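Descriptive analysis of the structure
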Amino acid sequence: MKIFSATRNFSSSIPLKAITTTQAYSTTHSLSSSAAQNYWTHLQENGSNPERTLHKIKHKLDTLCVSEVLKRCAVNQPLLGLRFFIWSGLQQPGYRHSSFMYKQACKLFKINENPRVVLDVVEAIRREGCLVSVKAFKLVLNLCREAKLANEGLWVLRKMKELNCRPDTTSYNVVIGLLCENGDVDEANRLIGEMGLVDLYPDMITYAAMVKGFCEKGRLDDACRLFKAMRGNGCSPNVVLYSTLLDGVCRFGSSAKALELLGEMEKVGGDCNPNVVTYTSVIQRFCERGWSMEALSIFDRMEACGCAPNRVTVVTLINELCLEEDLEAAYKLIDWVVERDYVSNSECYSSLVVSLSRKRKSEEAEKLFRRMLTSAVKPDGLASSIMIRGLCLEGRVLEGFYLYNEIEKLGCMSSIDSDIYSIVLVGLCKENHLVEAANLAKVMAEKGIQLKAPYVDHIVEYLKNSGETELVSRFTQRGRSQ
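Residues numbered from 1 in each chain as written. Predicted model: local features only at pLDDT ≥ 70, side-chain atom pairs only at ≥ 80, totals over all residues. Heavy atoms only, no water.

**Looking at the layout of surface pockets**
- Taken as a whole, the largest pocket holds about 510 Å³ of empty space.
- Taken together, 24 residues form the lining of the largest pocket, with Gly 177, Glu 181, Ala 208, Ala 209 and Lys 212 sitting closest to its centre.
- Every element with two or more residues in the lining of the largest pocket is listed here: α9 (169–181), α11 (204–216) and α13 (239–252).
- Residues of the lining of the largest pocket, tallied by class, amount to eight nonpolar, seven polar and nine charged.
- Of the voids in this model, the second largest pocket is the one considered here, and its volume is about 230 Å³.
- If you go around the second largest pocket, you meet 13 residues; those closest to its centre are Gly 89, Tyr 95, Arg 96, His 97 and Leu 139.
- The residue inventory of the lining of the second largest pocket, partitioned by class, reads five nonpolar, seven polar and one charged. (1 Å grid on protein atoms, 1.4 Å probe; cavity = no way out; pocket = protein on both sides within 12 Å on 5 of 7 lines; lining within 4 Å. Points joined across faces, edges and corners; volume = space filled by probe spheres on them. Helix = DSSP H or I, 4+ residues; strand = E, 2+ residues; numbered from the N terminus. Nonpolar A, V, L, I, M, F, W, Y, C, P; charged D, E, K, R; others polar.)

What follows is the structure, given as structure tokens:
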């Protein structure tokens, strides 16, 4: 009686919604598995031309069902699995393959490593004539896009024409995008010309891929020519397309041309108005090319246009000013953005600490870092890790441990690199600071931080020599269990 009562009370404590949700998922999963088994059995029994009869199976298709069938086919029947994938993507109005399913198919059938399977499935479609349609070929093209198969995508496009399936703009865009990513912009450009011969017109996606492709190759004249031509075809550029061209000009052109194009965007306004990503990208490219004064002018310009900088904008400029050893300007910039609440003082000063450290100005970085702690400005995990690691590398392990304690008091240790604990602990053991080592070990145990394998032997050796058997036992158990 007591057992029954306990069971009843336990069951009643579970929310009805939780039970319903769990049962619903279980039921759905069971139905999907059952459907997958039926589809799988049918494929095994009708492997030569399964598409003609698959529709007789009256199960609703969903992601779980399709995924299960693909997994079973992936073992040794990839072609059959791809044929099912294409068939299932054409059947029910309520189901269409998600981007996840395309990734899943490419992964299961290793299409990147075995692109021939794409050609084989198209040949099977041609030979048996059961799935010959524009929609079916677009599913194959989407697989090519996911697997980044440019040559195979072009081959599929050609096959569509052979089989009297007229490619549409979307089909061309997939192949043009693949070719541009592969660096074959000339072939992609020929496809644009081909589109005009069959009364198809490039759209924004076409032009974006081509402009980016030309810019990646450093062919700015071709990119600008196409950019102007698109207006004549009734396609107005937006901020994304402008920004793509602008990025190319910043990388391979002159600062004057970049500023001219940026001014054009500001003048046109509307959908072409530059945003924080646009301005930040220009600043980054200018800094990469050593145009720091021009980069700072862009920063002033975006403020004048009412576009607030973000963390990436500010960090880029801080790093550049550090490289040029203009710390006064860096501090002024930080004061300016913090005063306007664009970026927090914690983010700004942490970035400055990182930049100074990478510039090997460790003394200046340490002074700034300690001022942050004194002023209760919380450093981020990267800055904290760099400072503690630096002190340990300089042989100042005890100072590194004390700095760790100060950071811990501000509650900033949660994002620190876990290796730092091991580095400090090894150093403390080497220098025979066993009290501090024991304290740190206790903290590590409380936080569940485990030693990395390379550190375990060193620490155990030092502790054994010092007679700290309890600590030896603790770290041996934690280290070996990893």
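Right, picking up where we left off after that structure.
**Regarding unusual backbone geometry**
- Non-glycine residue Lys 148 carries a positive phi angle of around 60 degrees.
- Mapped onto the elements of the fold, Lys 148 is located in the loop between α7 (134–147) and α8 (150–162).
- Using a relative accessible area of 59% as the deciding quantity, one classes Lys 148 as exposed.
- Of note, the phi angle at Asp 341 is positive, near 60 degrees, even though the residue is not glycine. (Buried < 20%, exposed > 50% of the residue type's maximum accessible area, 1.4 Å probe, protein only.)

**Concerning the pattern of salt bridges**
- In the structure shown here, the tally under the stated rule is 32 salt bridges.
- Among the salt bridges present, the one from Asp 247 reaches Arg 285, with a minimum N-O distance of 2.7 Å. Of this pair, Asp 247 sits in helix α13 while Arg 285 sits in helix α15 (residues 276–288), and the two are 38 residues apart along the sequence.
- Asp 247 gets classed as buried once you look at its relative accessible area, which sits at 15%.
- One salt bridge connects Glu 328 with Lys 332, and the closest N-O pair in it is separated by 3.4 Å. A residue pair is termed a helical-turn pair when its members lie 3 or 4 positions apart in one helix, as Glu 328 and Lys 332 do in helix α18 (residues 327–339) at four residues.
- For Glu 328, a relative accessible area of 55% translates into the label exposed.
- On the accessibility criterion, Lys 332 (54% relative accessible area) is exposed. (Salt bridge = Lys/Arg side-chain N within 4 Å of Asp/Glu carboxyl O.)

**Quick word on the side chain of Glu 320**
- When you line up the elements, Glu 320 lands in helix α17 (residues 311–323).
- One buried charge, Glu 320, has no salt-bridge partner; the nearest side chain with opposite charge is Lys 359, at 9.6 Å.
- Dropping the residues within four chain positions of it, Glu 320 is found in contact with Cys 287 and Ser 292. (Lys, Arg positive; Asp, Glu negative; His and termini not counted. Contact = heavy atoms within 4.5 Å.)

**Observations concerning helix α4 (residues 78–88)**
- Most of α4 sits inside the fold, with nine of its 11 residues counted as buried.
- Taken together, the buried positions of α4 are occupied by Leu 80, Gly 81, Leu 82, Arg 83, Phe 84, Phe 85, Ile 86, Trp 87 and Ser 88.

**Looking at the packing of aromatic side chains**
- All told, the structure shown has 11 aromatic pairs when counted by the stated rule.
- Aromatic ring contacts, followed pair by pair, group Phe 401, Tyr 402, Tyr 404 and Tyr 421 into a single cluster. (Phe/Tyr/Trp six-rings, centres within 6.5 Å; stacked < 30°, edge-to-face > 60°.)

**Here's the deal with the nonpolar core**
- Tyr 39, Phe 84, Ile 111, Ile 176 and Leu 352 are the most contacted members of the largest nonpolar core, which totals 152 residues.
- Not counting residues within four places of it along the chain, the set of residues in contact with Ile 111 comprises Leu 82, Ala 105, Cys 106, Val 117, Val 118, Leu 143, Ala 147 and Leu 149. (Core = buried A, V, L, I, M, F, W, Y, C linked by side-chain atoms within 4.5 Å.)

**So, the confidence of the model for the protein**
- Residues of the protein with pLDDT of at least 70 account for 90%, and the chain-wide mean is 86.
- When pLDDT is averaged over each element of the protein, α9 comes out on top at 97 and helix α1 (residues 2–12) at the bottom at 37.
- Within the model, the stretch residues 16–29 combines pLDDT values under 50 with two contacts to residues more than four positions away or in other chains. (pLDDT = per-residue confidence, 0-100.)

**Some words on the environment of Leu 108**
- Relative to the helices and strands, Leu 108 is located in helix α5 (residues 99–108).
- When the C-alpha atoms of Leu 108 and Glu 446 are compared, they prove to be 42 Å apart, with 338 residues separating the residues in sequence.
- In contact with Leu 108, other than residues within four places in its own chain, are Leu 70, Lys 71 and Ala 74.

**Quick word on the packing of α17 against α18**
- Put simply, α17 and α18 touch, their axes get as near as 8 Å, and they point 160 degrees apart. In terms of axis orientation, α17 runs roughly antiparallel to α18. When you trace α17 past α18, the crossing you get is left-handed. Judged by residue contacts, Val 314, Leu 317, Ile 318, Leu 321 and Cys 322 of α17 engage Leu 327, Ala 329, Ala 330, Leu 333, Ile 334 and Val 337 from α18.
- Here the residues of the contact of α17 with α18 sort into 11 nonpolar, no polar and no charged. (Axes fitted to C-alpha atoms, helices over the stretch in contact; angles between N-to-C directions. Parallel < 35°, antiparallel > 145°, perpendicular 65-115°, else oblique. Left-handed = near helix turned anticlockwise from the far one by under 90°.)

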